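Per-entry structural report
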Amino acid sequence: MRSSVRGKKSNYVFNKIKPVILYCWDYRCYICGKQDFGHHVHHVDLNHWNNLPVNLIPLCSYHHKLVHKNLLIDNIIFPDYVAERLFHLENNMRKMFVL
């Protein structure tokens, strides 16, 4: 697949999953817990083609900037309610997008 087509597909998937990720995390920043509907969604492995739910976390704009400067997030700790929501989301995505 050409990279421009692949990029468009990746953006399409990300734009569809972003609000769902925010919902799964109750619109809370992973680091500070601040609740806001306008949070960013960060790719943990920095691979923007990897839109699996376990690779996406919500961050407030402040912490998103810090993460891209220096702060590394290696091991995500998922609260039970988030893990359950992400499990169902990932299963549905696999059916929809044949991941």
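Please refer to the structure higher up on the page.
Just so you know, these numbers come straight off a predicted model, no measurement behind them. Each chain has its residues counted from 1, following the order in which its sequence is written. Per-residue local features are limited, in this predicted model, to residues with pLDDT of at least 70; the limit for side-chain atom pairs, both in listing and counting, is 80 or more; totals at the level of whole chains, interfaces and linings are taken over all residues. Excluding hydrogens and water, the side-chain figures rest on all heavy atoms present in the structure.

Turning our eyes to something else, we now look at the packing of aromatic side chains. Any two rings among Phe, Tyr and Trp, with Trp reduced to its six-membered ring, count as a pair given centres within 6.5 Å; such a pair is stacked if its planes are under 30 degrees apart, edge-to-face if over 60, and tilted if neither. Counted by the stated rule, this structure contains 2 aromatic pairs. Here Trp25 and Tyr30 contribute two aromatic rings whose centre-to-centre distance is 5.5 Å and whose plane-to-plane angle is 85 degrees, an arrangement assigned as edge-to-face. Type-normalised accessible area, obtained with a 1.4 Å probe on protein chains alone, sets the label of each residue: buried when under 20%, exposed when over 50%, and partly exposed for intermediate values. Judged by its relative accessible area of 4%, Trp25 is buried.

A few words now on the pairing of strand E2 (residues 56-59). A run of DSSP states H or I qualifies as a helix once it reaches four residues; a run of E qualifies as a strand once it reaches two. Both are numbered from the N-terminal end. Side-chain alternation along E2 places Leu56 and Pro58 on one buried face and Ile57 and Leu59 on a second face that is also buried. Where strand E1 (residues 40-43) lies against E2, 4 bridges are found, and the strand directions are antiparallel. By the bridge assignment for E2, His40 is matched with Leu59. Any two strands are treated as partners once DSSP identifies two or more bridges connecting them.

Once that is clear, we can look at the nonpolar core. Side-chain atoms within 4.5 Å are what join buried Ala, Val, Leu, Ile, Met, Phe, Trp, Tyr and Cys residues into a set we call a nonpolar core. Counting residues in each nonpolar core, the largest one holds 21 residues, and the members touching the most others are Ile21, Trp25, Ile57, Leu86 and Leu89. Elements supplying a minimum of two residues to this core: helix H1 (3-24), E2 and helix H3 (80-97). Ranked by the residues each element gives to this core, the list is headed by H1, at 6 residues. By the convention used here, residues are in contact when the closest approach between their heavy atoms is within 4.5 Å. Setting aside anything within four residues of it in sequence, one finds Leu89 in contact with Ile17, Val20, Ile21, Cys24 and Pro53.

Tracing the chain through its elements places His43 in strand E1. Among the polar contacts made by the side chain of His43, one reaches the side chain of His48 at a distance of 3.5 Å. Any pair of nitrogen or oxygen atoms within 3.5 Å is treated as a polar contact; in protein, a donor-acceptor pairing is required on top of that, and neighbouring residues in sequence qualify only through side-chain atoms on both sides. Within polar-contact distance, the side chain of His43 engages the side chain of Asn51 at 2.8 Å. With near-sequence residues (within four places) excluded, His43 lies in contact with Phe14, His48, Asn50, Asn51, Asn55 and Leu56.

With that out of the way, let us pick up unusual backbone geometry. For Asp26, which is not glycine, the phi dihedral falls at a positive 55 degrees. With respect to the helices, strands and loops of the structure, Asp26 is situated in the loop between H1 and E1. Asp26 sits in the partly exposed class, given a relative accessible area of 25%. Here Tyr27, not a glycine, exhibits a phi torsion of approximately 60 degrees, which is positive.

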